[in-house]
4 protein chains.
Amino acid sequence: MSDVLTRPQEGETVGGIAADRLRSIIERVERLEEERKAIAGDIKEIFSEAKGAGFDVRTIKAILKLRRLEPAQVEEAETLLDIYKRALGM
Amino acid sequence: MSDVLTRPQEGETVGGIAADRLRSIIERVERLEEERKAIAGDIKEIFSEAKGAGFDVRTIKAILKLRRLEPAQVEEAETLLDIYKRALGM
Amino acid sequence: MSDVLTRPQEGETVGGIAADRLRSIIERVERLEEERKAIAGDIKEIFSEAKGAGFDVRTIKAILKLRRLEPAQVEEAETLLDIYKRALGM
Amino acid sequence: MSDVLTRPQEGETVGGIAADRLRSIIERVERLEEERKAIAGDIKEIFSEAKGAGFDVRTIKAILKLRRLEPAQVEEAETLLDIYKRALGM
DNA sequence: TTAGGCTATCCGCTAC
DNA sequence: GTAGCGGATAGCCTAA
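Residues numbered from 1 in each chain as written. Chains lettered and ligands numbered in written order. Predicted model: local features only at pLDDT ≥ 70, side-chain atom pairs only at ≥ 80, totals over all residues. Heavy atoms only, no water.

Draft legend 1. Molecular detail of the interface of chain A and chain D. The partner chain D presents 27 residues to the 27 residues of chain A that form the contact. Together chain A and chain D conceal approximately 2,800 Å² of surface at their shared face, both sides included; 73% is due to carbon and sulfur atoms. Of all residues in chain A, A:I39, A:I46 and A:F55 bury the most surface against chain D, accounting for 20% of the area lost on that side. Along the contact surface separating chain A from chain D lie 8 salt bridges. The interface formed by chain A and chain D contains 6 residue pairs in polar contact (both at pLDDT 80 or more). Those elements that provide at least two residues to the side of chain A that touches chain D are β2 (17–18), α2 (19–52) and α3 (57–68) of chain A. Broken down by element, the residue count for the side of chain A that touches chain D peaks at 18 residues, all from α2(A). Here the side of chain A that touches chain D is built from residues that sort into 17 nonpolar, no polar and 10 charged. (Contact = heavy atoms within 4.5 Å. Buried area = accessible area lost by both parts, 1.4 Å probe. Salt bridge = Lys/Arg side-chain N within 4 Å of Asp/Glu carboxyl O. Polar contact = N/O pair within 3.5 Å; in protein donor to acceptor, adjacent residues only side chain to side chain. Helix = DSSP H or I, 4+ residues; strand = E, 2+ residues; numbered from the N terminus. Nonpolar A, V, L, I, M, F, W, Y, C, P; charged D, E, K, R; others polar.)

Given below as structure tokens:
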């Protein structure tokens, strides 16, 4: 099969689809997903290092979560928890 | 095909495997997994009901987690969190 | 302690919370979680029995997974069909 | 504030914690999480562009999923082969 | 409603 | 032989 015939320079279309452009989109997304995966790996490494240095990873994650949340949200969550605990006599 | 021939009362073996027993094991596990799934559904229903009654489901889950943990563990986790927060000047 | 005083028939409220209902929710969930745990134990027992009978537990789990996946694959096929239909504008 | 006094070269400790190292860990993770978020944004942009060009985003995502699954299915086939080989005592 | 991230359980490994 | 450890997997929740 000759690509010269089936892939005109201006861009082939298959079933009305601009195939080159579709291909480009897919490949760019796949590339970014790889990067994302690599970053996830880096994060895991840091936690591993932290553990090796004697830190408690669970607590570090709790800290990260606190820093992500707005202080007001933290406050409200704690307040609500206290209310429920009180209601249960805890 | 006649099971009378292929499944002797004493238990067929296929490739040296006690097939009946294997079948039994698999079916029992599958049955239990269904039950487990049903229970998960029941729990979801309760949370749904709670939400409908105006409770904050997230907080309820926090309560459940606290009750699951030993009080000593809760204490220690909080202490550790405080130490880390202090170390970070939070 | 007199519940007559502290728990009115209409339901006590603590800090605006319907404490009895909250308690009920929590306890029901905890009960179900126990059941779920018990079932997990039953499953483990079966695997233990299987191992004792000379079966390879890893393989059995692989089989269970395959049987679980089969319905999903049927769906997957349907999804694929949908994709192609969409691509063809049907 | 004088870091000379509060942060000895060997590293300050707060409550027995190597605060600098903890800070470093937290900040590196936060940095990576930002990168991850940025990548997610890039992916969204591409989908947005695709949509603007007349592509069906849902279908593109389905294709990406299929391409992701393919390697997994290769592995799955090997697993299945192993199972059968085992069942045959090979 | 779906996809992605998070958590918790579970399994094998290793080291004691 | 056992118990902690690290990795893998499945289910849950949230956000788009």
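Draft legend 2. Quick peek at the UniProt feature "coiled-coil region" (unreviewed entry) in chain A. Sequence positions flagged by UniProt for "coiled-coil region" (unreviewed entry) are, in local numbering, residues 22–49 of chain A. Secondary structure over residues 22–49 of chain A splits into 100% helix and 0% strand, and the C-alpha atoms at its two ends are 41 Å apart. (UniProt positions renumbered as here; feature names shortened; annotations may be inferred.)

Draft legend 3. Just the protein's contact with DNA strand E, in detail. As a structural note, the neighbourhood of DNA strand E is formed by A:R36, A:R58, A:K61, B:K65, C:A40, C:R58, C:K61, D:R36 and D:K65. A breakdown of the atoms of DNA strand E within 4 Å of the protein gives sugar and phosphate a share of 100%. Within the side chain of A:R36, a nitrogen or oxygen atom sits 3.0 Å from a sugar or linking oxygen of DNA strand E. Between DNA strand E and B:K65 there is a distance of 3.1 Å, counted from a phosphate oxygen to a side-chain nitrogen or oxygen. Listing elements by their share of the surface near DNA strand E, those giving two or more residues are α3 of chain A together with α3 (57–87) of chain C. A breakdown of the residues in the surface near DNA strand E according to their chemical character gives 1 nonpolar, no polar and 8 charged. (Near = heavy atom within 4 Å.)

Draft legend 4. Focus on the side chain of B:T59. Secondary-structure assignment places B:T59 in helix α3 (residues 57–68). The residues contacting B:T59, other than those within four sequence positions of it, are A:L80, A:L81 and A:Y84.

Draft legend 5. Summary view of the protein's contact with DNA strand F. Near DNA strand F, the surroundings consist of A:K51, B:R58, B:K61, C:K65 and D:K44. Within 4 Å of the protein, the atoms of DNA strand F are drawn from sugar and phosphate moieties in a proportion of 100%. Contacts to DNA strand F include A:K51, whose side-chain N or O atom sits 2.6 Å from a phosphate oxygen. Within the side chain of B:R58, one N or O atom sits 3.3 Å away from a phosphate oxygen of DNA strand F. For the surface near DNA strand F, the residue count by class is no nonpolar, no polar and 5 charged.

Draft legend 6. Fine view of a positive patch on the surface. On the surface, a cluster of positive charge is made up of A:K44, A:R58, A:K61, A:K65, B:K44, B:R58, B:K61 and B:K65. B:K61 sits in the partly exposed class, given a relative accessible area of 43%. (Patch = residues over 30% accessible without salt bridge, like charges linked within 9 Å, V, L, I, M, F, W, Y side chains within 5 Å. Areas by Shrake-Rupley, 256 points an atom, 1.4 Å probe, with all protein chains shown as cover. Lys, Arg positive; Asp, Glu negative; His and termini not counted. Charge placed at Lys NZ, Arg CZ, Asp CG, Glu CD. Buried < 20%, exposed > 50% of the residue type's maximum accessible area, 1.4 Å probe, protein only.)

Draft legend 7. Molecular detail of the interface of chain C and chain A. Taken residue by residue, the interface counts 7 residues in chain C and 5 residues in chain A. In total, about 590 Å² of surface goes out of reach between chain C and chain A, with carbon and sulfur atoms giving 78% of it. When the buried area of chain C at its contact with chain A is split by residue, C:V14, C:I17 and C:L22 rank highest and sum to 59% of it. The interface formed by chain C and chain A contains 0 salt bridges. Our enumeration of links across chain C and chain A arrives at 0 residue pairs in polar contact (both at pLDDT 80 or more). Per-element accounting of the side of chain C that touches chain A gives the leading share, 4 residues, to helix α2 (residues 19–52) of chain C. When the residues that make up the side of chain C that touches chain A are grouped by side-chain class, the tally is 5 nonpolar, 1 polar and 1 charged.

Draft legend 8. Examining helix α3 (residues 57–87) of chain D more closely. Taking 1.5 Å of rise per residue, 31 residues should cover 45 Å, and α3(D) covers 44 Å from first to last C-alpha, within 8% of that figure. Remark: the principal bend of α3(D), roughly 30°, maps to D:E70, with a proline, D:P71, within the next four residues. Within the span of α3(D), buried status applies to D:V57, D:T59, D:I60, D:A62, D:L64 and D:I83. Next to the buried residues of α3(D) lie α2 of chain A, α3 of chain C together with α2 (19–52) of chain D. Downstream of α3(D) by one or two residues, D:G89 has phi in the positive range, about 70°. (Expected span 1.5 Å × (residues − 1). Bend = angle between axes of the 7 residues up to and from the residue.)

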